[in-house]
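Results of the structural survey
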Amino acid sequence: MAESKINRRIAFAFLFLLGIVWLVPVLWLILNSFKHDADFITSFANIKGPLDYLTRLFPREWTLENYIELFVGGENVNTTSNIGVMFRNSFIVSISQTVGVVIVTSLSAYAYERLHFKGGDKIFWTLMYISMFPNVVSVLPQFRIANALGWVNNIQALIWPGLAGVFNIFLIRNFMKSIPKDLDEAATIDGASSFQVYSKIILPSIAPVMIVVGLFAFNGAWNDYLWPRIVLTDVNNQTLTVGLRLLMGQYEQRWAHMIASCMVSMIPPFLLYLFAQKYFLQGISVQAGVKG
């Protein structure tokens, strides 16, 4: 018992330190986003020690002008980057890809786990091995395919290629192993088709892991930078993550404005995880229990 308490305390201390390491950059961004540009530039000059550095993190004069000018412009700010359009594009891509991933991966996992077609396991594990290659390897062929389909500079190129994530299929398939196959057989005897078994029995049972997959899909689509940077060239088609690079050129040395734009881009994924935290943790814990 004493050893167990010691282990818990060590784990808690480690996680506490890890949390601090994660929070410090976020707090740095939050505090500096409320500074004037002149205040930000002079804040960290001639620092005399750690305590002096901590005190300079806080703005001398709190201001919302960075956020206001980001959306409505200002005297010294050109709003040609159109951050509202970037937000719209990011939401369209992220929501569409999330819905598509949930549908495609759940159907694929059901086929691999329940339908038992010839060569199913070999195909699945071949795809798993191929997915181990870095994503950058597929950038050139993916671009050539997108170009052949006329998707260059079109947000469809951001939605369709990411729907069939093999790792997500693996998670859902592994989760399905905990669902008794007797339920499938009973439903089949009662006259249910394969799709009815999937929609009426399997889908409600795998809801926790589906939430986890959906959160991963949304976050991945929202934060994706490399592929949108390659396939999109028109400013009006840019997503927010790529658009931050345009804002950097637009604001030049106005670093406080750049920090504010970074904070704005973090809000949607943060709110999603905040509201779905309960279901996310439930899905993780249930998935761990199935693996155990």
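Structural notes, computed from the coordinates. What you are looking at is a predicted structure, and each value in this text was computed from that prediction instead of being measured.

Across its full length, the protein carries 15 helices and zero strands. When the 292 residues of the protein are sorted by exposure, 38% land in the buried category. Considering only intrachain contacts with a sequence separation of at least 6, the fraction spanning at least 24 residues in the protein is 77%. With the model as given, the accessible surface of the protein reaches about 17400 Å², and the carbon-plus-sulfur share is 68%.

Looking now at helix H9 (residues 166–176). With respect to burial, H9 is a largely interior element, nine of its eleven residues being buried. Within H9 the residues assigned to the buried category are Val166, Asn168, Ile169, Leu171, Ile172, Arg173, Asn174, Phe175 and Met176.

The subject of this paragraph is the packing of aromatic side chains. Counting across every chain of the model gives 15 aromatic pairs. A centroid spacing of 5.7 Å and a plane angle of 45° characterise the contact between Phe34 and Trp62, whose relative ring orientation is tilted. Here the residue Phe34 occupies a position in the loop between helix H1 (2–32) and helix H2 (37–43), and Trp62 occupies one in the loop between helix H3 (50–57) and helix H4 (65–72), the gap between them amounting to 28 residues. Taking the relative accessible area as the measure of exposure, Trp62 reaches 52% and is therefore exposed. Where Phe195 meets Tyr198, the ring centres are 5.8 Å apart and the plane angle is 40°; that geometry is what we call tilted. Residue Phe195 and its partner Tyr198 are located together in helix H11 (residues 194–205), separated by three residues, close to a single helical turn. Judged by its relative accessible area of 56%, Phe195 falls in the exposed class. Feature note: the residues Tyr112, Phe117, Phe124, Trp125, Phe167 and Phe170 constitute an aromatic cluster, connected by ring pairs.

So, about the packing of helix H6 (residues 120–130) against H9. Viewed as axis vectors pointing N to C, H6 and H9 meet at an angle of 130°, and their least axial separation amounts to 9 Å. Between H6 and H9, the angle is such that the two are oblique. Note on packing geometry: the crossing formed by H6 with H9 is left-handed. Seen from H6, the contacting residues are Asp121, Phe124, Trp125, Leu127 and Met128; seen from H9, they are Val166, Ile169, Phe170 and Arg173. Within the contact of H6 with H9, the residues separate by chemical class into seven nonpolar, no polar and two charged.

Any two side chains of opposite charge can pair, on the condition that their charged atoms come close. The tally for this structure, following the rule as stated, stands at six salt bridges. With a shortest N-O distance of 2.6 Å, Arg114 and Asp184 are connected by a salt bridge. Within this pair, whereas Arg114 is found in helix H5 (residues 83–115), its partner Asp184 is found in helix H10 (residues 181–189), the two being separated by 70 residues in sequence. A relative accessible area of 9% places Arg114 in the buried class. Residue Asp121 pairs with Arg173 through a salt bridge whose shortest N-O separation is 2.6 Å. You can see Asp121 sitting in helix H6 and its partner Arg173 sitting in helix H9, a full 52 residues away along the chain. What makes Asp121 partly exposed here is its relative accessible area of 43%. Exposure remark for Arg173: the relative accessible area of 8% places this residue in the buried category.

In this section: unusual backbone geometry. For His116, which is not glycine, the phi torsion reads 55° and is therefore positive. Within the element layout of this structure, His116 appears in the loop between H5 and H6. Here His116 falls in the exposed class, since its relative accessible area comes to 54%. A positive phi angle, close to 65°, is found at Asn153, a residue other than glycine. With respect to the helices and strands, Asn153 occurs in the loop between helix H7 (139–148) and helix H8 (156–159).

Moving on, we get to H3. Taken as a whole, H3 has its buried residues at Asp52, Arg56 and Leu57. In a view along the axis of H3, the buried residues occupy a sector of 145°, so they form one face of it. In this structure, H3 carries Pro50 and Leu51 as exposed residues pointing more than 90 degrees from its buried face.

Think of two packed helices as two axes; the pair is described by the angle between the axes and how far apart they sit. It is the contact of H5 with helix H12 (residues 207–223), at a shortest axis distance of 8 Å, that shows an interaxial angle of 145°. The two elements H5 and H12 meet at a crossing, and its hand is right-handed. Contact with H5, carried on its side by Phe87, Ser90, Phe91, Val93, Ser94, Ile95, Gln97, Thr98, Val101, Val102, Thr105 and Ser106, involves Met210, Val213, Gly214, Ala217, Phe218, Ala221 and Trp222 of H12 and no other residues of that element. Residue classes in the contact of H5 with H12 are distributed as twelve nonpolar, seven polar and no charged.

This part is about the side chain of Asn237. Of note, Asn237 is situated in the loop between helix H13 (226–231) and helix H14 (240–251). A distance of 3.0 Å separates a polar atom in the side chain of Asn237 from the backbone oxygen of Asn153. Sequence-distant contacts of Asn237, that is, excluding residues within four places in its chain, are made with Asn89, Asn153, Ile155 and Leu232.

What counts as what
- Residues numbered from 1 in each chain as written.
- Predicted model: local features only at pLDDT ≥ 70, side-chain atom pairs only at ≥ 80, totals over all residues.
- Heavy atoms only, no water.
- Helix = DSSP H or I, 4+ residues; strand = E, 2+ residues; numbered from the N terminus.
- Buried < 20%, exposed > 50% of the residue type's maximum accessible area, 1.4 Å probe, protein only.
- Contact = heavy atoms within 4.5 Å.
- Areas by Shrake-Rupley, 256 points an atom, 1.4 Å probe, with all protein chains shown as cover.
- Phe/Tyr/Trp six-rings, centres within 6.5 Å; stacked < 30°, edge-to-face > 60°.
- Axes fitted to C-alpha atoms, helices over the stretch in contact; angles between N-to-C directions.
- Parallel < 35°, antiparallel > 145°, perpendicular 65-115°, else oblique.
- Left-handed = near helix turned anticlockwise from the far one by under 90°.
- Nonpolar A, V, L, I, M, F, W, Y, C, P; charged D, E, K, R; others polar.
- Salt bridge = Lys/Arg side-chain N within 4 Å of Asp/Glu carboxyl O.
- Arc of directions from axis to C-beta.
- Polar contact = N/O pair within 3.5 Å; in protein donor to acceptor, adjacent residues only side chain to side chain.

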